[in-house]
Amino acid sequence: MSAITTTAIDIAKIRAQFPVLDQEVNGKPLIYFDNAATSQTAKNVVDALVEFYEKDHANIHRGIHTLAERSTKAFEATRERVHRFINSEEADEIIFTKGTTESINLVAQSWGSKFLKKGDEILISQLEHHSNIVPWQLAAERTGAIIKVIPINAKGEILMDEYKRLLSAKTKVVAVNYVSNSLGTINPIKEIIDLAIAHGATTMIDAAQAAPHVKLDVQELNCDFLALSSHKMYGPTGVGILYGRRDILEATPPYQGGGEMIKDVSFSGTTFNDIPYKFEAGTPNIGEVIAFKYAMDFIDDIGHENIQAYENELLEYAMDKLQQIPGFTPIGTADNKASVISFLMQNVHPYDLGQLLDVKGIAVRTGHHCTQPLMDFLKIDGTVRASFAVYNTKEEIDIFCDALQKIVERFK
Ligand code: PLP
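Remember, predicted model here, so these are calculated numbers, not experimental data.

Turning next to the overall build of the chain. Per the secondary structure count, the chain includes 14 helices and 17 strands. The C-alpha radius of gyration of the chain comes to 22 Å, within 12% of the 22 Å expected for a compact globule of 412 residues. Its C-alpha atoms give the chain principal-axis dimensions of about 75 × 55 × 40 Å. Looking at the chain alone, contacts between residues at least 24 apart form 72% of all its contacts between residues at least 6 apart. In the chain, 40 positive and 54 negative side-chain charges are present, and the distance between their average locations comes to 3 Å.

Our next topic: the site of the ligand. In the vicinity of the ligand, the contacting residues are Gly99, Thr100, Thr101, His129, Ser131, Asn181, Asp206, Ala208, Gln209, Ser229, His231 and Lys232. Side-chain polar atom of Asp206 to a nitrogen atom of the ligand: 2.5 Å apart, as the coordinates give it.

A word on the sheet that holds strand β8 (residues 202-206). The seven strands are arranged β4-β10-β9-β8-β7-β5-β6 in an open sheet whose pairing can be described as mixed. Looking at strand neighbours, the two that pair on one side only are β4 (94-97) and β6 (146-150), the edges of this open sheet. In this sheet, adjacent strand axes meet at a mean angle of 20° when their direction is disregarded. Bridge analysis of strand β5 (residues 121-125) against strand β7 (residues 171-177) gives four bridges, and the strand direction is parallel.

Let us look at the domain arrangement of the chain. Structurally, the chain comprises domain 1 (11-32 + 303-410) and domain 2 (46-300). With centres defined by C-alpha atoms, the gap from domain 1 to domain 2 works out at 28 Å. Interface of domain 1 and domain 2: buried area, both sides summed, is about 2600 Å²; carbon and sulfur atoms make up 58% of it. For domain 1, the biggest contributors to the area lost against domain 2 are His304, Leu374 and Phe377; these three give 24% of the whole. Seen at the junction of domain 1 and domain 2, the total is one salt bridge. In this structure, Lys155 engages Asp335 in a salt bridge whose closest nitrogen and oxygen atoms are separated by 3.0 Å. Joining domain 1 to domain 2, the criterion identifies 21 residue pairs in polar contact (both at pLDDT 80 or more).

Procedures and definitions
- Residues numbered from 1 in each chain as written.
- Predicted model: local features only at pLDDT ≥ 70, side-chain atom pairs only at ≥ 80, totals over all residues.
- Heavy atoms only, no water.
- Helix = DSSP H or I, 4+ residues; strand = E, 2+ residues; numbered from the N terminus.
- Rg over C-alpha atoms; globule rule 2.2 N^0.38 Å.
- Contact = heavy atoms within 4.5 Å.
- Lys, Arg positive; Asp, Glu negative; His and termini not counted.
- Charge placed at Lys NZ, Arg CZ, Asp CG, Glu CD.
- Near = heavy atom within 4 Å.
- Polar contact = N/O pair within 3.5 Å; in protein donor to acceptor, adjacent residues only side chain to side chain.
- Pairing = 2+ DSSP bridges.
- Axes fitted to C-alpha atoms, helices over the stretch in contact; angles between N-to-C directions.
- Domains from an automatic or database assignment.
- Buried area = accessible area lost by both parts, 1.4 Å probe.
- Salt bridge = Lys/Arg side-chain N within 4 Å of Asp/Glu carboxyl O.

Here it is as structure tokens:
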């Protein structure tokens, strides 16, 4: 048990960073419980974005004028910041992408095109988001590799014995999420990686849901690739990163061709830039990358340990209250969970529930959450998902539970 309590969290100070929360939706104070889809953006992040467009807007790396130097410096400062945030060995191991989806596509396409061949096996889990399934399906189609799925139990936990059984000399890559977006399961990622390494497999970790909740240390994890998205971490949309160890990135062919990723171009051939630029063709989301640095500052200022302890408190509080509502069925009850509650309510379709909650100013997600194979396994079409962030409160959970109670009574 962590000794940290809510006293470590100054909720008023945190909420002051999110003016978006201070509004009414449908005549009711907004309660934002759709954080697993995207979290709200911290004010210091928005300020940095505005400052960039008002004062420093220039393209990076190519200009010698003052604005270009300023924007390049700020852009590269975010790379340094990510390097410290995930404890990579070097900043050059950080590649900016549009987000987790693009990062995984980069690996599946570029690394996959060189290193996957007919009969090789790609291991993914039953818990994956579509963005850690479809890129591998495309890679498998192109290369003749085969996808194998690591099964889970009814609680939504990876079956480690089954995983061990599936691993073999044929396993070329293990691509799994750290935290499930649909169920909140926190996977035993270190053990998963260690076992993959023992079988000579490359590892690709989807940390989209982990990054806002769990401290990431890629050297300790010893993974080959890791992806995350800024917009789930209180940062801007359109930015994410791919971490790759230097040796593996150097061995991986470029993803897209264009400016920035080359050393020399002639009609007889092209030589490619060094990492990370080899993978950063074209003009990126410069302002958003620059502002992303402030999202990591926001998280680190509070501290992952404090965030996790507080969110766990919210999770336990909400589960205690929800269990008392007749007809409440949690979907995904892993022992180790992030602050995500997927559920069904007897007699009320998730879509209707989502709409009725919206009428009360409460934002939740409904549907398959981009995990259709997981829903198929659970034999359901979808769920209602409430996912908490560090700015949510127990008072909001009270209002949410009251609203649910009233809706259930109407549908009795
Ligand atoms: N992986 C997981 C576990 C996710 O939750 C998401 C988004 O919901 C993604 C990947 C895709 O992230 P993005 O849409 O930012 O590329």
